[in-house]
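Architecture at a glance
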Amino acid sequence: MANKTALFAGSFNPFTLGHLRIVERGLAIADCVVVGVGYNINKPVPGNLESRLDQIRKAVEPLNKPSEGKSVLVKEYGGLTADFARRIGADFLLRGIRSVGDFEYERNLADVNLKVLGIDTVILCAEPEYSYLSSSVVRELDANGFDTSHLLP
Ligand code: ADP
């Protein structure tokens, strides 16, 4: 079977344990998962891109297992996710959902990416222990002085 590459794209501001689990589970269905750190115009959030990339590279490092043919790459990109997917030769997009609200959003995105841009999306459901966890919750807790280290890789 040919090697499969999945693109897991998002803002990851910050990259949480929920995101990490999607990468880990994605490696069961792809040989290479590319974490694409992009800019979502619907969620314009400030933040230092370089430090986010560093944080993600450290977090996914233990998942790189070349001897088992599994690898994780972290790349930044701008523009359309589907264009980036084509540039890196991704076979499909990988996304996660936590709720019905996420599902509606992700299904719409998946429809557009398939019908207009020709790339399919594999959607994994969050595990119950992470279904409440979002980057915005972490930012909110951070901003109010709460320790969020147990929510991050
Ligand atoms: P975007 O800004 O593109 O929505 P995010 O960084 O918010 O990107 O999330 C990237 C992807 O990860 C999305 O598909 C989102 O639904 C999913 N995701 C976020 N948090 C979790 C979680 N706790 N469990 C599973 N999937 C998640």
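Notes on the structure in this doc start here. Going along each chain's sequence as written, the residues are numbered from 1 onward. Where totals are concerned, whole chains, interfaces and linings use all residues; where local detail is concerned, this predicted model gives features only for residues with pLDDT of at least 70, and gives and counts side-chain atom pairs only at 80 or more. Note that water and hydrogens are dropped before the side-chain values are worked out from all heavy atoms of the structure.

**Some remarks on the overall build of the protein chain**
Rule in force here: Labels follow the DSSP assignment, with helices taken as runs of H or I lasting at least four residues and strands as runs of E lasting at least two, numbered in each case from the N terminus. Throughout, the radius of gyration refers to the C-alpha atoms, and the reference size of a globule is 2.2 Å times the residue count to the power 0.38. We call two residues in contact whenever any of their non-hydrogen atoms come within 4.5 Å of each other. Computed with a 1.4 Å probe, the accessible areas rest on the Shrake-Rupley method; for each residue, only the protein chains presented here act as cover.
If you tally the helices and strands in the protein chain, you get five helices and five strands. Listed by position from the N terminus, the elements making up the protein chain come as β-α-β-α-β-α-β-α-β-α. In terms of C-alpha radius of gyration, the protein chain reaches 15 Å, essentially the compact-globule figure of 15 Å for 153 residues. Seen along its three principal axes, the alpha-carbon backbone of the protein chain occupies a region of about 50 × 35 × 30 Å. A fraction of 76% describes how many contacts in the protein chain between residues 6 or more apart in sequence connect residues 24 or more apart. Accessible surface for the protein chain amounts to roughly 8600 Å². Of this, 55% is attributable to carbon and sulfur atoms.

**Let's talk about the nonpolar core**
To keep it simple, the criterion reads: Here, nonpolar core refers to any group of buried Ala, Val, Leu, Ile, Met, Phe, Trp, Tyr and Cys residues whose side-chain atoms link them within 4.5 Å. Relative accessibility thresholds used throughout: buried, under 20% of the residue-type maximum; exposed, over 50%; partly exposed, between the two (1.4 Å probe, protein chains only).
Ranked by internal contacts, the top residues of the largest apolar core, which has 26 residues, are F15, V23, V33, V35, I56 and V60. Put simply, the parts of the chain that give this core at least two residues each are β1 (5–10), α1 (17–26), β2 (32–37), α2 (49–60), β3 (71–76) and β4 (92–97). Setting aside its immediate chain neighbours within four residues, V35 contacts F8, F12, F15, V23, I56, V72, L73, V74 and K75.

**Considering the environment of R57**
With respect to the secondary-structure elements, R57 resides in helix α2. Using a relative accessible area of 39% as the deciding quantity, one classes R57 as partly exposed. In sequence terms R57 and L151 are 94 residues apart; their C-alpha atoms lie 17 Å from each other.

**Some remarks on unusual backbone geometry**
Note that the residue after N13, namely P14, is joined by a cis bond; omega there is 5°. Within the secondary structure, P14 sits in the loop between β1 and α1. The residue F12 is not glycine, and still its phi comes out positive at about 50°. For F12, the position within the fold is in the loop between β1 and α1. We classify F12 as buried; its relative accessible area is 4%.

**Quick word on the sheet that holds β4**
Our working rule: Following DSSP output, two strands are said to pair if at least two bridges run between them. Only the stretch in contact is used when fitting a helix axis, every axis being a line fitted to C-alpha atoms; angles between N-to-C directions are given from 0 to 180 degrees.
In spatial order, the strands read β3-β2-β1-β4-β5; together these five strands make up an open sheet with parallel pairing. At either end of the open sheet lies a strand with only one pairing partner, and these are β3 and β5 (120–125). Going across the sheet, the axis of each strand differs from the next one's by a mean of 30°, ignoring polarity. Packed onto the sheet, α2 meets β2 and β3 and runs at close to 175° relative to β3.

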